[in-house]
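# Chains, contacts and geometry: an overview
Next come the chains, spelled out residue by residue.
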Amino acid sequence: MKKIEISEDELEMMNYNDVAHVILEAQGKKMKLVDLFKEVGTVLGLEEEEYQSHIADFFELLSTDKRFIMLEDGFWDLKIKHNKGMETFEDEDDDDEIVLEEDADVETDDGFDDGVKDSDDDVDDDDLSDLVIVDDIEDEANL
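For the structure given in this document, a descriptive report is provided here. All figures in this text were calculated on a predicted structure; none of them were measured in a lab.

## Comments concerning helix H3 (residues 33-44)
Counted at 1.5 Å a residue, the expected span for H3 with its 12 residues is 16 Å, and the 16 Å between its end C-alpha atoms agrees. Within H3, the full set of buried residues consists of Leu33, Leu36, Phe37, Glu39, Val40, Gly41 and Val43. The inward-facing, buried residues of H3 contact helix H1 (8-13), helix H2 (16-27), strand E1 (31-32), helix H4 (48-64) and strand E3 (75-78). Gly45 occupies a position one or two residues after H3 and carries a positive phi of about 75°.

This is the structure:
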């Protein structure tokens, strides 16, 4: 493993995932979560007790940090290394168009409109004119 050298001033400003980023960048290869966090612990000077109590936090940080990607078998790496060769597939069904008959007046067997607008549906009616506001408090008082 390559020795990672970070100044004390830089270390004070870095959290676990920042140090992990530097390590993965310097190593140039993917690493298992446990090995990566041991290396982070070595750089930060963590004691064994701190290491044991913070590994779950480290996993959560890596999982939510978009700079990292979890690979097969528990390996982690920098996401940028794996985006270059990724292929994207387009859904061919997206090109299909749905054509509606605009002036059709079609009703279903149950007598309800099928959603196709009739020519008289374009009239600007106030749909709220028949709205009645009922106050629950008045209804309870009348019971």
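## What to know about unusual backbone geometry
Residues other than glycine seldom take positive phi values, yet Asp73 does so here, at roughly 60°. On the basis of relative accessible area, Asp73 is assigned to the exposed category, the value being 60%.

## Remarks on the side chain of Asn17
With respect to the element layout, Asn17 can be found in helix H2. Polar contacts involving the side chain of Asn17 include one to the side chain of Asn15, which spans 3.1 Å. Setting aside its immediate chain neighbours within four residues, Asn17 contacts Leu61, Leu62, Asp65, Arg67 and Phe68.

## Focus on the pattern of salt bridges
Overall, the coordinates contain three salt bridges when judged by the stated rule. Two residues, Arg67 and Asp18, come together in a salt bridge whose shortest N-O distance is 2.9 Å. Taken as a pair, Arg67 in the loop between H4 and strand E2 (68-70) and Asp18 in helix H2 lie far apart in primary sequence, 49 residues in all.

## Some details on the nonpolar core
Nonpolar side chains tend to gather and get buried jointly when the protein is soluble and globular. The biggest cluster of nonpolar side chains holds 19 residues, and the ones touching the most others in it are Ala20, Ile23, Leu36, Val40, Phe58, Leu62 and Phe68. Going through the elements one at a time, H2, H3, H4 and E3 are the ones with two or more residues in this core. Contacts of Val40, omitting those with residues within four sequence positions, involve Tyr16, Val19, Ala20, Ile23 and Phe58.

## Quick word on the packing of aromatic side chains
Overall, the coordinates contain five aromatic pairs when judged by the stated rule. Between Tyr16 and Phe37, the aromatic rings sit 5.3 Å apart at their centres with planes inclined by 85°, giving edge-to-face as the arrangement. With Tyr16 in helix H2 and Phe37 in helix H3, the pair connects residues that are 21 residues apart, well separated along the chain. Here a set of aromatic residues connected by ring pairs shows up, and it is made of Tyr16, Phe37, Tyr51 and Phe58. Above the ring of Phe75, the side-chain terminus of Lys30 is found at 4.8 Å from the ring centroid.

What counts and how
Residues numbered from 1 in each chain as written. Predicted model: local features only at pLDDT ≥ 70, side-chain atom pairs only at ≥ 80, totals over all residues. Heavy atoms only, no water. Helix = DSSP H or I, 4+ residues; strand = E, 2+ residues; numbered from the N terminus. Expected span 1.5 Å × (residues − 1). Buried < 20%, exposed > 50% of the residue type's maximum accessible area, 1.4 Å probe, protein only. Contact = heavy atoms within 4.5 Å. Polar contact = N/O pair within 3.5 Å; in protein donor to acceptor, adjacent residues only side chain to side chain. Salt bridge = Lys/Arg side-chain N within 4 Å of Asp/Glu carboxyl O. Core = buried A, V, L, I, M, F, W, Y, C linked by side-chain atoms within 4.5 Å. Phe/Tyr/Trp six-rings, centres within 6.5 Å; stacked < 30°, edge-to-face > 60°. Lys NZ or Arg CZ within 6 Å of the ring centre and 35° of its normal.

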